[in-house]
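# Chain and residue survey
The lines below spell out each chain.
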Amino acid sequence: MAPSSHSDRAALVGRLRAAGCVYAEDEAELLLAAAHSPAALADLTDRRVAGEPLEYLLGWAEFCGLRIAVDEGVFVPRTRTALLVELAAELTGAVPAVVDLCCGSGATTVALAQRLAPRWLAAADIDPAAVACARRNVVGLNVEVYEGDLFAPLPPRWRGRLDLVVANAPYVPTDAVALMPPEARLHEAPVALDGGPDGLSVLRRVGADAADWLAPGGHLVVEAGTTQVDALCDAFTTAGLEPTVRHNEDLDATAVLARRP
């Protein structure tokens, strides 16, 4: 729908900007497109001004040029995670076996399905709401989405046979979660954010288990904070993997990739 006048549109942009929305003009257009009536627009605007994530109001997020459905409470895919997709496409050969851990909405899984030609592609998450959302997003893609803790729910036959494991695991230190933007800390599932005392509790477990699930020459690719990479590389080395660090300035993203010898 469209507001009745230019002044109405300007008022909407003004409300969003006053609420701290950096991209107020863009958000206004998206809210206008999503609302089917003036009352619906008023409701969406009130909820956005109150701090509800835009993606929950729209019901989707853009990731790697794709429109990914996002349900309330499910981790909203971040632009920087596109680095994991780029590295995955760079590292894998033909028809790889691929798993996306801590998959959230399944955004990375869908992007990998578009970029690769996997012989097997699966995703897993411990959060039932995320699993339900991911299953909606992968309909028609021949992807299995499992509910459980990291590798635990995967079929045992793939142990030692995976070519690529991608994991956007939580890596925010517990004490820092309270410092995150309200959109994240008040609305997204804590299990998708809290990475333990130093932020690396889950990622250390990913590395330790990946050494057993990867095929020789296979790769693990994870997202991390720039101040965490030294400790994470040490953990991956201890697990028997060969880590390297990659950074993308444009995406403001840091990844650690680790090869099983």
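The sections below set out a description of the structure shown in this document.

Parameters and conventions
- Residues numbered from 1 in each chain as written.
- Predicted model: local features only at pLDDT ≥ 70, side-chain atom pairs only at ≥ 80, totals over all residues.
- Heavy atoms only, no water.
- Pairing = 2+ DSSP bridges.
- Helix = DSSP H or I, 4+ residues; strand = E, 2+ residues; numbered from the N terminus.
- Axes fitted to C-alpha atoms, helices over the stretch in contact; angles between N-to-C directions.
- Contact = heavy atoms within 4.5 Å.
- Core = buried A, V, L, I, M, F, W, Y, C linked by side-chain atoms within 4.5 Å.
- Buried < 20%, exposed > 50% of the residue type's maximum accessible area, 1.4 Å probe, protein only.
- Right-handed = clockwise from strand over helix to strand, strands pointing away.

## Thoughts on the sheet that holds strand β6 (residues 162–167)
If you walk across this open sheet you meet the seven strands as β5-β4-β3-β6-β7-β9-β8, and the pairing is mixed. Each edge of the open sheet carries a strand with a single partner, namely β5 (144–147) and β8 (242–248). Ignoring which end each strand starts from, the neighbouring axes of this sheet average 20 degrees apart. Note that strand β3 (residues 97–101) and β6 share four bridges and pair parallel. The residue of β6 that forms the bridge with Val98 is Leu164. Packed onto the sheet, helix α7 (residues 128–137) meets β4 (120–125) and β5 and runs at close to 170 degrees relative to β5. Across the face of the sheet, helix α10 (residues 201–213) comes into contact with β3, β6 and β7 (214–223) while running at roughly 165 degrees to β7.

## Things to note about the nonpolar core
Residues Phe151, Leu162, Leu220 and Val222 are the most contacted members of the largest nonpolar core, which totals 34 residues. When contributions to this core are tallied by element, the ones reaching two or more residues are β3, β4, β6, α10, β7, α11 (229–238) and β9 (253–259). Sort the elements by how many residues they give to this core and α10 lands first, with six residues. Among residues more than four places away in sequence, those in contact with Val222 are Leu84, Ala167, Leu203, Val206, Leu232, Phe236, Thr254, Ala255 and Val256. Core analysis: the second largest hydrophobic core is formed by 27 residues, Leu84, Val138, Val145 and Leu164 among them.

## Concerning the pairing of β3
Counting buried positions along β3 gives five out of five residues, so the element sits mostly inside the fold. Every second residue of β3 is oriented toward a common face, with Ala97, Val99 and Leu101 on one face and Val98 and Asp100 on the other, all of them buried. For β3 and β4, the ladder comprises five bridges, and the chain directions are parallel. Its bridge partner lying in β4, Leu101 is registered against Ala124. A crossover connection joins β3 to the parallel β4 through helix α6 (residues 107–115); in handedness this β-α-β unit is right-handed.

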